[in-house]
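Single-letter residue listing:
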Amino acid sequence: MYLHPDLDTFVIFPWRPQQGKVARFLCDVYKANGEIFEGDSRMVLKRVVQQAEEKGIYLNVGPEFEFFLFPTDDDGNVTIDTGEQAGYFDVAPIDGGENVRRDIVLNLEEMGIEVESSFHEYAPCQHEIDLKYTDACAAADMIQSFRMTTKVIAKRHGLHATFMPKPRDGKEGSGMHLNFSLTDAEGKNILCDPDGENGLSEMAYQFIAGILKHLPAICLIVNPLVNSYKRLRPGFDAPVYAAWSATNRTASLRIPATRGEHTRIELRNPDAVSNGYLSIALCLAAGLEGIANKWMPPASVDFNLFHITEEEKAELGLVDLPGSLGAAIQAFEKDSFVQSVLGAHLSKRLVESKKLEWKQYLDHVSDWEINEYIRKF
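Residues numbered from 1 in each chain as written. Predicted model: local features only at pLDDT ≥ 70, side-chain atom pairs only at ≥ 80, totals over all residues. Heavy atoms only, no water.

Asks: Outline the packing of aromatic side chains, listing residues and values.
Replies: Here the structure, examined in full by the defined rule, presents 15 aromatic pairs. Where F89 meets F119, the ring centres are 4.6 Å apart and the plane angle is 25°; that geometry is what we call stacked. On the criterion of sequence distance, the pair formed by F89 in the loop between β3 (58-71) and α2 (98-110) and F119 in strand β4 (residues 115-120) is long-range, its members being 30 residues apart. Seen in terms of ring centroids, Y205 and W244 are 5.6 Å apart; in terms of plane orientation they differ by 80°. Their pairing is edge-to-face. Here Y205, found in helix α4 (residues 202-222), pairs with W244, found in strand β10 (residues 244-245); they are 39 residues apart in sequence, far enough to count as distant. What makes Y205 buried here is its relative accessible area of 9%. A network of ring pairs unites the aromatic residues F65, F67, F146 and F163 as a single cluster. (Phe/Tyr/Trp six-rings, centres within 6.5 Å; stacked < 30°, edge-to-face > 60°. Helix = DSSP H or I, 4+ residues; strand = E, 2+ residues; numbered from the N terminus. Buried < 20%, exposed > 50% of the residue type's maximum accessible area, 1.4 Å probe, protein only.)

Structure follows, in structure tokens:
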């Protein structure tokens, strides 16, 4: 294999000593014969982006990261037991991670990554940092840079940053909401139509329909861990159905309130541990298929889906997102379109590795089982 550096990704790490500076490039992967390596997820995204641009469609993506900052003990081991009790939008001194978050933001901006907002999230020790939108490939590169920067800076403060989707029972989990906007070659937003229903264009509805159709299979990429499906449960601000809404946050796809040139589509179920290149590639490809086939989505679900009854669910024809990694593997194996976007090599390797992970989980005897059964039986 050969790594071909992308010169546009050159960055000097601001946290390293200024004498003997350290820089990095992101690279594309090629085989010895000069062909693109079929397992390179960055090249998968570039291929889908090129297909979109050939149709005159340009994608911008704005990622929103949620993560936890946990303390470590004297031996450097992470502990999720903490005295912090801060909640949504709390500030110091209640927010014990405010200075860490600020340091993360300053380092990101020194690396050329623009930050839109930074705040304490719902759960104790949980934080959110949102990045300004940019083109699809640059956004996926930012996802890589963000995760590394966050972990490095947290460690310098004696904390451990984790993007694990659900590290604590009974508390909200962490996701990575992806905001999509589409423009034409002149930069005009093609999702908006002031005269359209909900201020959306026909193309916006078609793009939504494409993502919804393939979302169960896409879950294997955007929710790739056993632990991911502990987060996707009703009542913890995470979606559980392949549904969309123009007004409420409980759907997997929603349209934020801003319209006009700021019209965008927010996908709410991805985890921050997911592969950004493949996540964005699959969503873009699915949306393009919706546009090509002129699909239309079901009606907007404008009420709290966490309190929906089975009768209402059946009436609306809602499709469940996979409830486990095993179910996500099955959904992926049934969706030939999603597999074709990744290619045979990546699809095969992905299923092999995830089936092994699922088997290891099923074979493991957990603390919950011991606590629940050892005395009873």
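Asks: Break down the pattern of salt bridges for me, citing the residues and quoting the values.
Replies: As enumerated under the stated definition, the model contains 18 salt bridges in all. When the shortest N-O distance is used, the salt bridge between D95 and R101 registers 2.8 Å. A single burial state applies to D95 and to R101, both of which are buried. Put simply, K355 and E333 hold a salt bridge, and the shortest N to O gap is 3.0 Å. Of the two residues, K355 is situated in helix α10 (residues 344-363) and E333 in helix α8 (residues 325-334); the sequence distance between them amounts to 22 residues. Accessibility expressed as a relative area gives 41% for K355, which makes it partly exposed. (Salt bridge = Lys/Arg side-chain N within 4 Å of Asp/Glu carboxyl O.)

Asks: Give me helix α3 (residues 136-156): which residues, what numbers.
Replies: Residues that lie three or four places apart on an α-helix share one face, since the helix turns once every 3.6 residues. The end-to-end C-alpha distance of α3 is 31 Å, a good match for the 30 Å that 21 residues give at a rise of 1.5 Å each. Backbone geometry just downstream of α3 places G158 in the positive-phi region, at approximately 80°. (Expected span 1.5 Å × (residues − 1).)

Asks: Could you give an account of helix α1 (residues 41-54), with specific residues and numbers?
Replies: Compared with the 20 Å implied by 1.5 Å per residue over 14 residues, the 20 Å span of α1 between its first and last C-alpha is a close match. Taken residue by residue, α1 has S41, R42, M43, V44, L45, V48, V49 and A52 as its buried positions. Looking at the buried positions of α1, the neighbouring elements they touch are β1 (2-12), β2 (23-30), α3, α6 (276-292), α9 (336-342) and α10. By the N-cap criterion, in which a side-chain oxygen at the helix start approaches the backbone nitrogen of a residue two or three places on, α1 is capped by D40, the distance to R42 being 3.0 Å. Among the residues trailing α1, G56 stands out with phi positive, at a value near 80°. (Contact = heavy atoms within 4.5 Å. Polar contact = N/O pair within 3.5 Å; in protein donor to acceptor, adjacent residues only side chain to side chain.)

Asks: Would you mind going over the side chain of T149 in detail, with residue names and values included?
Replies: Within the secondary structure layout, T149 lies in helix α3. Those residues in contact with T149 that sit more than four places away from it in its chain are W15, I104, N107, L108 and M111.

Asks: I'd love a proper account of the nonpolar core, names of residues and values included.
Replies: One finds L45, L131, W244, I280 and L342 to be the most contacted residues of the largest nonpolar core, which totals 90 residues. Not counting chain neighbours up to four residues away, the residues in contact with I280 comprise L45, L59, V61, A136, A139, A140, I143 and L178. Grouped together as the second largest cluster of nonpolar side chains are eight residues, V240, A243, A251 and L318 included. (Core = buried A, V, L, I, M, F, W, Y, C linked by side-chain atoms within 4.5 Å.)

Asks: Tell me about unusual backbone geometry, and please be specific about residues and values.
Replies: A cis amide bond links A92 with the next residue in sequence, P93, at an omega value of 5°. Assignment of secondary structure puts P93 in the loop between β3 and α2. Its identity is not glycine, yet C125 carries a phi of approximately 70°, on the positive side. By the element assignment, C125 lies in the loop between β4 and β5 (126-131). Of note, the phi angle at N198 is positive, near 60°, even though the residue is not glycine. Here N198 lies in the loop between β8 (176-183) and α4. Its relative accessible area of 31% is what places N198 among the partly exposed residues.

Asks: Describe the environment of E35, with residues and values.
Replies: Here E35 lies in the loop between β2 and α1. The class for E35 is partly exposed, based on a relative accessible area of 43%. In sequence terms E35 and A161 are 126 residues apart; their C-alpha atoms lie 37 Å from each other.

Remember, this is a structural readout, not a statement about activity or role.
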